[in-house]
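The lines below spell out each chain.
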Amino acid sequence: MWDRLLVDCNIATMDPAVPGPFGAIENGAVGIQDGRIVRVGRRTELAGNQARKVEPLHGAWITPGLVDCHTHLVFGGNRAGEFEQRLEGATYEEIARAGGGIASTVKATRAATLEELVEASRPRLQALMRGGVTTVEIKSGYGLDIETELKMLRAARVLGASERVRVETTLLALHALPPEFADRREEFVALATDSILPAAAGQGLASAVDAFCEGIGFTRDEVRALFEAAKDHGLKIKLHAEQLSNLQGAALAADYEALSADHLEHVDEEGVGAMARAGMVAVLLPGAFYALKETRRPPVDLLRRHGVPMAVATDCNPGTSPVLSPTLMMGMACTLFGLTPEEALAGMTREGARALGLQDEIGTVSAGKSADLCVWRIGRPAELCYWIGMPGPERRIVAGADA
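Residues numbered from 1 in each chain as written. Predicted model: local features only at pLDDT ≥ 70, side-chain atom pairs only at ≥ 80, totals over all residues. Heavy atoms only, no water.

> Give a detailed account of the pairing of strand S8 (residues 208-213), specifying residues and quantitative values.
In terms of burial, S8 is largely enclosed, as 6 of its 6 residues are buried. Both faces of S8 are covered, namely the face carrying Ala208, Asp210 and Phe212 and the face carrying Val209, Ala211 and Cys213. Tracing the backbone out of strand S7 (residues 166-174), into helix H6 (residues 185-202) and back to the parallel element S8 gives a crossover that is right-handed. One ladder, built from 4 bridges, connects S8 with strand S9 (residues 236-241); its direction is parallel. Its bridge partner lying in S9, Ala208 is registered against Lys236. What joins S8 to S9 is helix H7 (residues 220-232), and the crossover it makes is right-handed. (Buried < 20%, exposed > 50% of the residue type's maximum accessible area, 1.4 Å probe, protein only. Helix = DSSP H or I, 4+ residues; strand = E, 2+ residues; numbered from the N terminus. Right-handed = clockwise from strand over helix to strand, strands pointing away. Pairing = 2+ DSSP bridges.)

> Can you break down the pattern of salt bridges residue by residue, with the values?
Under the counting rule described, the total for this entry stands at 23 salt bridges. Residue Glu180 pairs with Arg110 through a salt bridge whose shortest N-O separation is 2.8 Å. Of this pair, Glu180 sits in the loop between S7 and H6 while Arg110 is found in helix H3 (residues 102-111), placing the two residues 70 residues apart along the sequence. On the basis of relative accessibility, which here comes to 27%, the residue Arg110 falls in the partly exposed class. With its nearest N and O atoms 3.0 Å apart, the salt bridge here joins Arg122 to Glu119. With a gap of 3 residues between them, Arg122 and Glu119 both fall in helix H4 (residues 114-130), about one helical turn apart. What makes Arg122 buried here is its relative accessible area of 14%. Where salt bridges share partners, they join Arg4, Glu55, Arg395 and Asp402 into one cluster. (Salt bridge = Lys/Arg side-chain N within 4 Å of Asp/Glu carboxyl O.)

> Could you give an account of the layout of surface pockets, with specific residues and numbers?
A volume near 260 Å³ is recorded for the second largest pocket. Forming the boundary of the second largest pocket are 19 residues, of which Glu342, Glu343, Ala346, Arg350 and Glu351 lie nearest the centre. At the level of elements, helix H11 (300-305), helix H13 (341-347) and helix H14 (350-355) are the ones that each hand at least two residues to the lining of the second largest pocket. Among the residues making up the lining of the second largest pocket, the classes are represented as 9 nonpolar, 4 polar and 6 charged. (1 Å grid on protein atoms, 1.4 Å probe; cavity = no way out; pocket = protein on both sides within 12 Å on 5 of 7 lines; lining within 4 Å. Points joined across faces, edges and corners; volume = space filled by probe spheres on them. Nonpolar A, V, L, I, M, F, W, Y, C, P; charged D, E, K, R; others polar.)

> Which residues make up the sheet that holds strand S5 (residues 66-68), and what values do they have?
Taken in spatial order, the 8 strands make up an open sheet running S5-S6-S7-S8-S9-S10-S11-S12, and their pairing is parallel. Edge positions in the sheet fall to S5 and strand S12 (310-312), since each of these pairs with one other strand and no more. Across this sheet, the average inter-strand angle for adjacent strands is 25°, counted without regard to direction. One ladder, built from 4 bridges, connects S7 with S8; its direction is parallel. (Axes fitted to C-alpha atoms, helices over the stretch in contact; angles between N-to-C directions.)

> Let's hear about the sheet that holds strand S2 (residues 24-33): which residues, and what values?
What the 7 strands build is an open sheet, ordered S3-S2-S1-S4-S13-S14-S15; its pairing is mixed. The open sheet has two free edges, formed respectively by strand S3 (36-42) and strand S15 (401-402), since each of these has just one partner strand. Inspection of the sheet shows strand S13 (residues 373-376) paired to strand S14 (residues 395-398) by 3 bridges, in the antiparallel sense. Pairing of Cys374 across the sheet is with Arg396, part of S14.

Quick look at the structure:
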């Protein structure tokens, strides 16, 4: 006897093995036992099975739980004041010279206690959860010293342990050059590779490492040194690449069989080809594109031609993507980047899971996977991208339990 049987529903399985758009099964049913999906199919196919709790959903749609595979959700303070300054004409450079920008977030994050950081970040996490997120990646990167980077990762782990959501933590070891290392780049890179990364790995606080490979960030050689250290410590690899210019970061990440390269507005065919050969995911971040008023879109057609999977994420952060709505990002992926609704939903389910290396555990409504599901009161899956400001799902299920 199963624990739960969801019936009288339509299912956007997002499973490529299920034919048709969205891998849809109409008039379907989902069996759940011990937190995992045991069977998915048409209601008539599951009719002979018994469950302790049979739940009719009255025609609602089930999707996989949403996977937000790229966020900077843990940080101190916020930069709403800078948003007002920019609207009044101040430039990023002027704000930075006055102590704003990332420097202000670093200062606030360093000053916060672990408990303060957790409670400041909790409402942001809960907003994503209300929007349907069941798995979220959280990066460090606003500490830029060993103590604060580890504190950020601990805060993310505390949030994951205290909320009904799966949290994956990433050490963003090379994000920006801290002011105290302004004239000592080599020393900071050495600190990141030789001290911060080994400490995070040794304490089990991160499953992956990330860097910002950009003219205003870090060079290919500096990022390569970090990736070598990550490889030595068994950490998976991700990279902010080709957001503002093309430094061939995506190709560098491919050399290390990275999980993903993220942003990619300026990636070229050589980089896309390298990603395809390495089996990487392209993580598209329309919130940052929108907030920065960018005009160069990621080369979606090129990614399609090379068969590179495309994920979609919020990039929730205080400076360039203060986004708390996953469905809004799916809609923007369609309107700003040209994804289809099916591609956008796959981007925040199946391909988001792949971008975290979790494709065997979550991301589709498939037998054997964790029962991380959302129940939506909609008429068709495309509505998740169509409605602007759409409220979250009617029900969120994590590991088989209502959350």
